[in-house]
Amino acid sequence: AQTVTQSQPEMSVQEAETVTLSCTYDTSENNYYLFWYKQPPSRQMILVIRQEAYKQQNATENRFSVNFQKAAKSFSLKISDSQLGDTAMYFCATHTGANSKLTFGKGITLSVRP
Amino acid sequence: GAVVSQHPSWVICKSGTSVKIECRSLDFQATTMFWYRQFPKQSLMLMATSNEGSKATYEQGVEKDKFLINHASLTLSTLTVTSAHPEDSSFYICSAAPGPSTDTQYFGPGTRLTVL
């Protein structure tokens, strides 16, 4: 079974600064995917970034990048130049081919202060 | 591209009535669709996995007779909450996978159900 742990329930960051959201996971699979999803106040789930476990290179998407440490089973999200629109709940998730389901962490509420 | 819609976006019903929620993939075919439930400030809880043309697979603890799922076509899945009660009030989200792998899922905007 997969588990995803997001131990920080809330974080706050000043606009234009950088913030890192932590996530650890556990899986016995060798092939899996890792995701960060954003859920703004509208509650629409938005894919922020995706990482294939077999790729060593950390995924990046504009201001969003991950620090993927496979041995430590850690998958943190760095948001650079934080913007007010980044205020949202962020969920870390895993997916393996074995059960074909997304397993979500509890989420973290990020507030960007003007 | 890859848009998933849900209808209705918000529904209020009386206790004891049934409510149907539709999930549509607008610009792709989805062999697999998923239904989630989310309480305020909490994570998404997978309720069931829906495959076109076959019976849905329900997660442990989810009452299949209460939450009826039908995936009649490659672009439409429906969730019917039967004999709804106030404790069924929640935010219901669907996602659709263009498949065959389900690692890529596109989410609908969600449906807020309030049972009075």
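Anything mentioned here points back to the structure above.
Report on the accompanying structure. (Residues numbered from 1 in each chain as written. Chains lettered and ligands numbered in written order. Predicted model: local features only at pLDDT ≥ 70, side-chain atom pairs only at ≥ 80, totals over all residues. Heavy atoms only, no water.)

## Here's the deal with the environment of L76 of chain B
Residue and element names in this part refer to chain B.
- By secondary structure assignment, the location of L76 is in strand β8 (residues 76-81).
- Residue L76 is classed as buried on the basis of its relative accessible area, which comes to 18%.
- The spatial distance from the C-alpha of L76 to the C-alpha of T57 is 16 Å, given a sequence separation of 19 residues. (Helix = DSSP H or I, 4+ residues; strand = E, 2+ residues; numbered from the N terminus. Buried < 20%, exposed > 50% of the residue type's maximum accessible area, 1.4 Å probe, protein only.)

## Some details on the interface of chain B and chain A
- Of the residues lining the interface, 22 residues belong to chain B; the matching set on chain A comes to 17 residues.
- Of the roughly 1600 Å² buried where chain B meets chain A, counting both sides, 51% is carbon and sulfur surface.
- Three residues stand out in chain B for area buried against chain A, namely S43, D103 and F107 of chain B, and they jointly supply 34% of the buried area on that side.
- Ionic pairing is found between K101 of chain A and E59 of chain B, a salt bridge with its closest N-O pair at 3.0 Å. (Contact = heavy atoms within 4.5 Å. Buried area = accessible area lost by both parts, 1.4 Å probe. Salt bridge = Lys/Arg side-chain N within 4 Å of Asp/Glu carboxyl O.)

## Looking at the pattern of salt bridges
- The tally for this structure, following the rule as stated, stands at eight salt bridges over all chains.
- Across the pair R50 of chain A and E52 of chain A runs a salt bridge whose closest N-O atoms are separated by 3.7 Å.
- Under the relative-accessibility criterion, R50 of chain A is labelled partly exposed at 25%.
- We classify E52 of chain A as buried; its relative accessible area is 14%.
- Within the structure, one salt-bridge network assembled from shared partners comprises R50, E52 and K55 of chain A together with D103 of chain B.

## As for the packing of aromatic side chains
- Tallied over the full model, the rule gives 13 aromatic pairs over all chains.
- Residues F104 of chain A and Y36 of chain B carry aromatic rings whose centres are separated by 5.9 Å and whose planes lie at 80 degrees to one another, so their mutual orientation is edge-to-face. Of the two residues, F104 of chain A is situated in strand β11 (residues 102-104) and Y36 of chain B in strand β4 (residues 32-38); the pairing between them involves two chains. Comparing F104 of chain A with Y36 of chain B shows no difference in burial state: the two are buried.
- One aromatic cluster is present, built from ring pairs that chain together Y33, F35, Y37, F91 and F104 of chain A together with Y36 and F107 of chain B.
- Positioned over the ring face of F91 of chain B is R43 of chain A, at 4.0 Å from the centre of the ring.
- In this arrangement the basic side chain of R112 of chain B is found over the ring face of W10 of chain B, its NZ or CZ atom lying 5.7 Å from the centre. (Phe/Tyr/Trp six-rings, centres within 6.5 Å; stacked < 30°, edge-to-face > 60°. Lys NZ or Arg CZ within 6 Å of the ring centre and 35° of its normal.)

## Here's the deal with the side chain of H71 of chain B
Residue and element names in this part refer to chain B.
- Looking at the element boundaries, H71 is found in strand β7 (residues 67-73).
- Looking at H71, the relative accessible area reads 5%, which means it is buried.
- There is a polar contact of 3.3 Å between the side chain of H71 and the backbone nitrogen of E52.
- Residue contacts for H71: discarding those within four places in its chain leaves A30, T31, T32, M33, S50, N51, E52, G53, L76 and S77. (Polar contact = N/O pair within 3.5 Å; in protein donor to acceptor, adjacent residues only side chain to side chain.)

## Topic: the pairing of strand β10 (residues 88-96) of chain A
Residues and elements named next belong to chain A.
- Of all the nine residues making up β10, nine are buried; the element is thus mostly covered by neighbouring parts of the structure.
- Residues A88, Y90, C92, T94 and T96 point to one face of β10 and M89, F91, A93 and H95 to the other, with burial holding for every one of them.
- As paired strands, strand β5 (residues 32-39) and β10 are joined by eight bridges and run antiparallel to one another. Residue pairing for β10: Q39 is matched across the bridge by M89.
- Both β10 and strand β12 (residues 108-113) contribute to a ladder of three bridges, which runs antiparallel. (Pairing = 2+ DSSP bridges.)

## Describing the environment of S28 of chain A
Residues and elements named next belong to chain A.
- Mapped onto the fold, S28 is located in the loop between β4 (24-26) and β5.
- With relative accessibility at 63%, the residue S28 sits in the exposed group.
- In the structure, S28 is positioned 83 residues away from S111 in sequence and 34 Å away in space, judged by C-alpha atoms.

## With respect to a nonpolar patch on the surface
- Taken together, the side chains of W10, I12 and L116 of chain B present a nonpolar region at the surface, about 390 Å² in accessible area.
- A relative accessible area of 53% means that I12 of chain B is categorised as exposed. (Patch = residues over 30% accessible without salt bridge, like charges linked within 9 Å, V, L, I, M, F, W, Y side chains within 5 Å. Areas by Shrake-Rupley, 256 points an atom, 1.4 Å probe, with all protein chains shown as cover.)

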